[in-house]
Each structure stands twice: as C-alpha cells, then as structure tokens.
Amino acid sequence: ALIVANHVSAAAHRRVAAEYTLRNFAKTSLSHFALQLLSGRGVDAVRDYPGLDRTWTSVLSCILANRPPNQIVVLRALGDRLWVDFRSIAGAHLCY
C-alpha cells in the first residue's frame, strides 16, 4: 500500500503512512513518533506523544536526526510543550 500510495501522490503517501503507523506501533514507541514525523504530522506528533516528560531527549534526537518537514516549527512545538506542560527550562531552551 505504501508503494502504491507513493506513486499516486505525496498526500496519499502521507495518509497511508500515518494509518500504517497507527495500526502497527504503540503510541509510546519512538518508532511511532518518527513515522508520524516523516508522514508530515510533526506538530501533532509532538502534541500527542505520551510520556514526553521522561523521553523528551530521545524525541529531540529523533527530530534532529530525521529533519522532518517544517523542522523549526516542530522544534518550537516541542519546546513549548516542555515549558508549558512540564516547566522544563533546560529542555525548552535546547529546543528553541
């Protein structure tokens, strides 16, 4: 399905990749997060990721290593979430 969707359009490929991720990976998995990033759901992936207070360094590494679309916006969303939800000054500072 991913190969066929890739030949149809970029939007179809992103939709199929997002659906595949939801069906095959636990939401707490970093693989789930990475595939959500690469399917174009960067800010939503940051907003929906559970347990970010414990795993934010891995999430930050994943964002930097994979260079998703709108990487700066995704990093800003991570920094905002770390500051607002967890009051993590150091984590937010690294993202900004």
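In what follows, the structure referred to is the one given above.
Residues numbered from 1 in each chain as written. Predicted model: local features only at pLDDT ≥ 70, side-chain atom pairs only at ≥ 80, totals over all residues. Heavy atoms only, no water.

1. Here we look at the pattern of salt bridges
1) Next: Evaluated as defined, the whole model comprises six salt bridges.
2) Next: Arg-23 is the salt-bridge partner of Glu-19, the closest N and O atoms lying 2.7 Å from each other. Residue Glu-19 and its partner Arg-23 are both found in helix H2 (residues 10–24); the two are separated by four residues, about one turn of the helix.
3) Next: Residue Arg-23 is classed as exposed on the basis of its relative accessible area, which comes to 65%.
4) Next: Its salt-bridge partner being Arg-41, residue Asp-48 comes within 3.5 Å of it at the nearest N-O pair.
5) Next: Here the salt bridges do not stand alone but share partners, grouping Arg-41, Asp-44, Arg-47 and Asp-48 into one network. (Salt bridge = Lys/Arg side-chain N within 4 Å of Asp/Glu carboxyl O. Helix = DSSP H or I, 4+ residues; strand = E, 2+ residues; numbered from the N terminus. Buried < 20%, exposed > 50% of the residue type's maximum accessible area, 1.4 Å probe, protein only.)

2. Description of the environment of Val-16
1) Next: Within the element layout of this structure, Val-16 appears in helix H2.
2) Next: In this structure, the C-alpha to C-alpha distance between Val-16 and Arg-47, residues 31 residues apart in sequence, is 20 Å.

3. Overview of a nonpolar patch on the surface
1) Next: On the surface, Trp-83, Val-84, Ile-89 and Tyr-96 cluster together into a nonpolar patch covering about 460 Å² of accessible area.
2) Next: One can find Trp-83 in helix H6 (residues 71–86).
3) Next: On the accessibility criterion, Trp-83 (36% relative accessible area) is partly exposed. (Patch = residues over 30% accessible without salt bridge, like charges linked within 9 Å, V, L, I, M, F, W, Y side chains within 5 Å. Areas by Shrake-Rupley, 256 points an atom, 1.4 Å probe, with all protein chains shown as cover.)

4. Details of H6
1) Next: Compared with an ideal rise of 1.5 Å per residue, which puts 16 residues at 22 Å, H6 spans 22 Å between its outermost C-alpha atoms and is within 8% of the ideal.
2) Next: Residues of H6 that are buried include every one of Gln-71, Val-74, Leu-75, Ala-77, Leu-78, Gly-79, Arg-81 and Leu-82, and no others.
3) Next: For H6, the secondary structure elements touched by its buried residues are helix H3 (30–38), helix H4 (42–48), helix H5 (52–66) and helix H7 (89–95). (Expected span 1.5 Å × (residues − 1). Contact = heavy atoms within 4.5 Å.)

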